[in-house]
4 protein chains.
Amino acid sequence: MQEHVDIGRGRVARRVYGLDQVDIVPSRRTRSSHDVDTTWRIDAYTFDIPLMSHPTDALVTPEFAIDFGQQGGLPVINGEGLWGRAADLDKALGEVLAAAEQEGDLRVADDCAANAVLQRLHSQPLDLDLLQERLQQVRDSGVRFGVRVSPQNAREYAPALIKAGIDLLVVQGTLISAEHVYRGGEPLNLKEFIGSLDVPVIAGGVVDYTTAMHLMRTGAAGVIVGAGTTTNSTSLGIDIPMATSIADAAAARRDYLDETGGRYVHVIADSHLTTSGDIAKSIACGADAVCLGTPLAAAQSAGTPGYFWPSAAAHPKAPRGMVEAVRPRQLLPLEQLLFGPTPNPYGEENLVGGLRRSMAKCGYTDLKNFQKVDLVVREG
Amino acid sequence: MQEHVDIGRGRVARRVYGLDQVDIVPSRRTRSSHDVDTTWRIDAYTFDIPLMSHPTDALVTPEFAIDFGQQGGLPVINGEGLWGRAADLDKALGEVLAAAEQEGDLRVADDCAANAVLQRLHSQPLDLDLLQERLQQVRDSGVRFGVRVSPQNAREYAPALIKAGIDLLVVQGTLISAEHVYRGGEPLNLKEFIGSLDVPVIAGGVVDYTTAMHLMRTGAAGVIVGAGTTTNSTSLGIDIPMATSIADAAAARRDYLDETGGRYVHVIADSHLTTSGDIAKSIACGADAVCLGTPLAAAQSAGTPGYFWPSAAAHPKAPRGMVEAVRPRQLLPLEQLLFGPTPNPYGEENLVGGLRRSMAKCGYTDLKNFQKVDLVVREG
Amino acid sequence: MQEHVDIGRGRVARRVYGLDQVDIVPSRRTRSSHDVDTTWRIDAYTFDIPLMSHPTDALVTPEFAIDFGQQGGLPVINGEGLWGRAADLDKALGEVLAAAEQEGDLRVADDCAANAVLQRLHSQPLDLDLLQERLQQVRDSGVRFGVRVSPQNAREYAPALIKAGIDLLVVQGTLISAEHVYRGGEPLNLKEFIGSLDVPVIAGGVVDYTTAMHLMRTGAAGVIVGAGTTTNSTSLGIDIPMATSIADAAAARRDYLDETGGRYVHVIADSHLTTSGDIAKSIACGADAVCLGTPLAAAQSAGTPGYFWPSAAAHPKAPRGMVEAVRPRQLLPLEQLLFGPTPNPYGEENLVGGLRRSMAKCGYTDLKNFQKVDLVVREG
Amino acid sequence: MQEHVDIGRGRVARRVYGLDQVDIVPSRRTRSSHDVDTTWRIDAYTFDIPLMSHPTDALVTPEFAIDFGQQGGLPVINGEGLWGRAADLDKALGEVLAAAEQEGDLRVADDCAANAVLQRLHSQPLDLDLLQERLQQVRDSGVRFGVRVSPQNAREYAPALIKAGIDLLVVQGTLISAEHVYRGGEPLNLKEFIGSLDVPVIAGGVVDYTTAMHLMRTGAAGVIVGAGTTTNSTSLGIDIPMATSIADAAAARRDYLDETGGRYVHVIADSHLTTSGDIAKSIACGADAVCLGTPLAAAQSAGTPGYFWPSAAAHPKAPRGMVEAVRPRQLLPLEQLLFGPTPNPYGEENLVGGLRRSMAKCGYTDLKNFQKVDLVVREG
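Calculation notes
Residues numbered from 1 in each chain as written. Chains lettered and ligands numbered in written order. Predicted model: local features only at pLDDT ≥ 70, side-chain atom pairs only at ≥ 80, totals over all residues. Heavy atoms only, no water. Helix = DSSP H or I, 4+ residues; strand = E, 2+ residues; numbered from the N terminus. Buried < 20%, exposed > 50% of the residue type's maximum accessible area, 1.4 Å probe, protein only. Areas by Shrake-Rupley, 256 points an atom, 1.4 Å probe, with all protein chains shown as cover. Lys, Arg positive; Asp, Glu negative; His and termini not counted. Charge placed at Lys NZ, Arg CZ, Asp CG, Glu CD. Pairing = 2+ DSSP bridges. Contact = heavy atoms within 4.5 Å. Buried area = accessible area lost by both parts, 1.4 Å probe. Salt bridge = Lys/Arg side-chain N within 4 Å of Asp/Glu carboxyl O. Polar contact = N/O pair within 3.5 Å; in protein donor to acceptor, adjacent residues only side chain to side chain. Nonpolar A, V, L, I, M, F, W, Y, C, P; charged D, E, K, R; others polar. Patch = residues over 30% accessible without salt bridge, like charges linked within 9 Å, V, L, I, M, F, W, Y side chains within 5 Å. Axes fitted to C-alpha atoms, helices over the stretch in contact; angles between N-to-C directions. Parallel < 35°, antiparallel > 145°, perpendicular 65-115°, else oblique. Left-handed = near helix turned anticlockwise from the far one by under 90°. Least-squares fit on C-alpha atoms with pLDDT ≥ 70 in both. Phe/Tyr/Trp six-rings, centres within 6.5 Å; stacked < 30°, edge-to-face > 60°. Lys NZ or Arg CZ within 6 Å of the ring centre and 35° of its normal.

Per an unreviewed UniProt entry, chain A goes by the name GuaB3 family IMP dehydrogenase-related protein and belongs to Corynebacterium heidelbergense.

This is the structure in structure tokens:
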């Protein structure tokens, strides 16, 4: 039973819960973490770890993409980011980094200089040739990868990207729907659009059951849950806590599976998750995989090591998300960040190791069954 | 169903909710934010944006009033503030600013020097001629504007203000009722008073259904919900959270509409709202418009740029509210503060853009329908 | 209906609420605060304001006692404090103050030097002659006053105190019961003890219905609710939030009134209340009066101006409560602290003015009826 | 009735509660704290105080073990810690201390240097002869003591330890189960293992009813509730709050008592408890004894005075727990830390005195009955 309360006379709101309120209960025989299998299979692809990188230049340079793919994850490149806009990618990232470092001593909100630099860099036109050239570099490495486009530009850029040999197309805005309507123009109908493509599509973000269900019906292979940022709450008044959003999307997955007699659409959580504990909780709430952002900024191969921003931070008029200092204790090789060893007990490092250990402590050896683990919830 | 709990044996309290606990759920087809209409119509007037300025000299100088009106909002001047008391308005505001800046390094509560300066400046008698002269300046610009008086002085000052050509009279105390009683004097009966005036009246603040209903029955065109300050909680033990207060007042609006067979009284939220997210949530909870304070202190044309105080901060014996540093990342032209662009992702700038985007993400194109959007509530 | 939850299998706990979660709702015609009557009548005495001073040398020197009494409150002297132990009271208080000021830059918990000074000063024997001499000074002023003794020493010291002409005896420990049992000794039976005295007794603190009811049955004129300190939570694991404690004690008062056919025992709240809002909420929850501590430390006539400790802070082995810096914005004459005017909007000054205004905004003109005002409760 | 909520459609989570939300209610006749008996009897042993030391080298050097045992508690040595790895134990502890002190000015999470030193020191092989030699030193003192081994190494190390004359074997991991399974190996079956030993075993930690019940069925004399660390939440997503965990384990104890017709298995709480209030609350929730960590770091005889780490902090790849500065106001003789006197009112010192006083205020004179004291719970 969902719980609803009257916030005022005749105005009802549904009770929702965040990952920070939820915990996993180990109540079965423990297993060895060596026996845990974290394989993630989506469409025709198999990944060793259930992790996608958030499509931001803060993380995903060509080097990072190859590195992350070789470690077993799904790297996603921001197709509308700097890869196709900056002739000198390192120089452009360096400018963001310099502006961000100058904000160092101040409260982040006091200065948006780095966001302004991002906006300036993104005002450059997108050079599809340059983008294709850089994608080729990743393709040459042999790793599977995806490219993110915004819903607005999906129709325009998709053909060139598919020609560049991408494995997955990611259609991602902070919050999208299956059909985007605007006066005096043709609505974007994702179902028609996805049906016209040759590559599998992951689409999102969504935060509720209905929109998740609609996105599943478009033929998407995966649906992203969460806005990938935390500033929607203050800028839009929209911020459904992730425990509820993930569980609702998992319910849509179940209902859609029944409705179609067998089509399984993956639920991928993306909302400023910061620790291996968050990864484990996301899967326990029903996610099939996790889109990771801030924790990967501790990788030596990240675009701006130690700093993160979600792709929506570069919006020209109304950014959602910030260039923020992640302040890892030190920068690490990506392999060590994912698999350890580490002296850090906070789940900020050894990210996959933490997930494996969580599953093992609870007696589960695969991700799908771990979605059934017992949960508890704390108040507020 | 409203929820009540026993706080102790036989002592019942009603559960109430704050805007910080509430969020908006997007669950329909998304729209373009260009298709959103934010028009606010009250009485005979039409405003492009559903925003009223809190009647404080911290914001509303003659220049600000004209600027805010030209941007589409309803500027409200504090009729009992410094416009009619300080021969040199700039100098007076400069004195407050200087005292406030000296408090800069300390916890705000440690020093009330700026409040004391306000009290001193307000101890000057009100010169109605001076006030009328300054109001004429705003009137000459052609913008619609309102003037705020306290319930105590409404009867005395209203005639002169109406003669000065104001468009709306705002009768505002932190907390008022339809009838103010005092021993050995004639009670102020707002119904009689409003009935005797030629201009529409907005009255408040109120925080509950009953008082809102009583105020609606006085003939007011609009009712202000909220005390416009947050210090009532510690000074009076009174501080009903806004999600509940707004929803209750909206219920009173609905019931009064039914009772009268069609009179629609506007609900205007005023309680230290700080972001575009707060504006969107207020309307989603049932408000027709929002009275904005602190965020407007980032306007270059504000009375004391970067600092805010509610009108009640100047009370001679028991102020409610404080001269406080708002600390915007930078001062902006009012137009940019309201409509962007901005690199700031926190909803502190591009205030109307944030509202439009929130509505568009939820698939709504007008304010009235946006009051029906789904809500969720988080615990404590 | 009281609410109970299972914190674990078969282990039930009752839901309780703090004053910080509770607020008062104004829903009637507003009144003028000039029409409010704050008279408090207990036993044969009438006080203009419903305030008792916490019995601590941090506040109550002979000067303060007279001052507080003349302002209309009930000063209570700590009969087991320094009045009867320190030949030079000012010097002793100066030693505490000096130790407390040295702690200034550190987290209070880092250093308990001032508490240690208190313990040393309290290790001096109690000189009843000296105490009586100082009490005489208060008595000469003509104000009504009480003296506090601990339950352990009540039998020993009461005769001398009554001989000194005190108006009320206050038997106060952090947590007491009607009967204190110890092996191999005679239990202290408060009913017998109180029955043997010629002066009315106020006893406490208690935090629950049952103990409050038992104390009422001892013949006490008033019962103190709350432990007068906040460190019981970490030292003893005992800390019932005050909204519930006060409401429960008020229920005991009601039931005892019925049981006796008319004996009305006063409920006095004492638990680190810090603002006029707390005073108003305490009465709204059911208290007849409030025992005030920290806010009075801003009085120029306080024992250690700017610093406060509850009487239990001097316990030789296990103090409850701390010498703490209250950090008022400035020291004030007691009259101004109680009645204003003030530029401070936080309810830290104009303490009685805040209460009067709260009552007036809610449409109440006497304390007894204000106990019926509507309440709301916020989560966590 | 346990309460469950839908965190999302069809995904249920159980409501759980932390010790910080729970408080004890005194509602009986008060007693003298001198009449309180804190004796803890487990298996054939009797301890004057219901305290076990967390098995960490941060606390338990040979000197500390003897000191703690002589004060009446049960010292537990970390059998897989530095006693058997460092030829010069003082030097090794000094290295950890030096690294920890260098972290002093930084946020603890920014630097894990001390944890890294621990990992290096633990990479030394365990020298059973050295361990036995040091255990002999404790044995010679005549105090009762236990030694902790991990579940993984229990079978290997137990014989040598038992030969060394230990009184209790403690099989402790952060989270364990009665049977640990791993592919291609023989599972560790605690029931068989414990059945084969000549000394009583305490095993844990567990956080839920089912696992507690299974551990009780292994023949353990005591079950540890809690993970002994707080970083499981962020690293594993696992962190059941202790009020619920303890009450659930106490329910298992009750059910197992019934199932066996009389075997009573002790419940011992171990989860970063920091004050005497926490000790009292743990017992009130159902614990028979408490395993204490951080507060004992204020003892002069502790391994690294002023610093604490749980035994799991030394894990080579994925530590749970941190070398952390406890920052006591000053270092104290263990006797004074346990029994006072103290000027510190926060329950950080006089740990047993606080428990005794809590019981006495509630009218209880023995631990078993104190488990029935009334509880209240606050939201969030």
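The structure having been displayed, the exposition proceeds.
Q: How would you sum up the overall build of chain A? Please name residues and give values.
A: Looking only at helices and strands, one finds 13 helices and 18 strands in chain A. For chain A, the spread of C-alpha atoms along the three principal axes comes to 55 × 55 × 45 Å. By residue count, 68% of the 380 residues in chain A fall in the buried class. A total of about 12,400 Å² of accessible surface is found on chain A, and carbon and sulfur atoms cover 45% of it. Between the averaged position of the 35 positive side-chain charges in chain A and that of its 46 negative side-chain charges there is a distance of 5 Å.

Q: Lay out the pairing of strand 9 (residues 146–149) of chain D in plain terms, naming residues and giving numbers.
A: All names here are of chain D. Side chains Gly146 and Arg148 project from strand 9 onto one buried face, and the interleaved Val147 and Val149 project onto a second face that is buried too. Bridge count between strand 8 (residues 76–78) and strand 9: three bridges; the pairing is parallel. If you follow Ile77 over to strand 9, its bridge partner there is Val147.

Q: An account of the interface of chain C and chain B is requested, with residue identities and associated values reported.
A: Opposite the 58 residues of chain C that make contact, chain B presents 57 residues. Buried surface at the junction of chain C and chain B, both sides included, amounts to about 4,700 Å², of which 52% is carbon and sulfur. The three residues of chain C that bury the most area against chain B are Pro345, Tyr346 and Glu379 of chain C, which together make up 15% of that side's buried surface. There are two salt bridges connecting chain C and chain B. Residue Arg183 of chain B pairs with Asp35 of chain C through a salt bridge whose shortest N-O separation is 4.0 Å. Across the contact surface, chain C and chain B share 29 residue pairs in polar contact (both at pLDDT 80 or more). Contributing elements (two or more residues each) for the side of chain C that touches chain B: strand 3 (22–25), strand 4 (30–31), helix 9 (242–260), helix 10 (276–285), helix 12 (351–361) and strand 19 (374–377) of chain C. The leading source of residues in the side of chain C that touches chain B is helix 10 of chain C, at seven residues. Its residues placed into classes, the side of chain C that touches chain B shows 23 nonpolar, 16 polar and 19 charged. Across two bridges, strand 10 (residues 179–181) of chain B lies against strand 4 of chain C in parallel orientation.

Q: Go over a positive patch on the surface, please, and point to the residues and values.
A: Residue and element names in this part refer to chain A. Judged by side-chain charge, Arg28, Arg254, Lys368 and Lys372 come together as a positively charged surface patch. In this structure, Arg254 sits in helix 9 (residues 242–260). A relative accessible area of 46% places Arg254 in the partly exposed class.

Q: Residue-level account of the sheet that holds strand 7 (residues 76–78) of chain B, with values.
A: Residue and element names in this part refer to chain B. In space, the eight strands of this open sheet follow the order 6-15-14-13-12-9-8-7, with parallel pairing throughout. Two strands in the sheet have a free side with no partner beyond their single neighbour: strand 6 (51–53) and strand 7. Neighbour-to-neighbour, the strand axes of this sheet turn through a mean angle of 30°, independent of strand direction. Relative to the sheet, helix 7 (residues 209–216) contacts strand 12 (201–206), strand 13 (222–225) and strand 14 (266–269), its axis offset from that of strand 12 by approximately 165°.

Q: Lay out the packing of helix 10 (residues 276–285) of chain D against helix 12 (residues 351–361) of chain D in plain terms, naming residues and giving numbers.
A: Residues and elements named next belong to chain D. One can describe the packing of helix 10 onto helix 12 by two numbers: an axis separation of 8 Å at closest approach and a directional angle of 50°. Relative to helix 12, helix 10 is oriented oblique. With respect to the hand of their crossing, helix 10 and helix 12 are arranged in right-handed fashion. Note on element contacts: helix 12 touches helix 10 through Leu351, Gly354, Leu355 and Ser358, opposite Ser276, Ile279, Ala280 and Ile283. Of the residues assigned to the contact of helix 10 with helix 12, the class counts are five nonpolar, three polar and no charged.

Q: Can you break down the relation of the copies chain C and chain B residue by residue, with the values?
A: Once turned by 90° and shifted 0.0 Å along the axis, chain C lies on chain B with an RMSD of 0.0 Å. In the structure described here, the two chain copies are related by an operation that fits a four-fold rotation axis. Using C-alpha coordinates, one finds that chain C approaches the rotation axis most closely at Gly380 of chain C, a distance of 3.4 Å. When the interface residues of chain C are mapped onto chain B, a mere 7% of them again fall at the interface, so the copies present different faces.

Q: Please set out the packing of aromatic side chains residue by residue, giving values where relevant.
A: In total, this model carries 12 aromatic pairs over all chains according to the counting rule given. Ring plane angle 35° and centroid distance 5.5 Å describe the contact between Trp40 of chain D and Phe47 of chain D, whose orientation is recorded as tilted. Both residues of the pair, Trp40 of chain D and Phe47 of chain D, belong to the buried class. Pairing Phe64 of chain D with Phe68 of chain D gives two aromatic rings, centres 5.7 Å apart and planes at 10°, and the pair type is stacked. Here Phe64 of chain D pairs with Phe68 of chain D, and both are found in helix 1 (residues 62–70), just four residues apart, close to one helical turn. Exposure class is identical for Phe64 of chain D and Phe68 of chain D. Each is buried. One residue, Arg28 of chain A, lies across the ring of Tyr364 of chain A, its end atom 3.9 Å from the ring centre.

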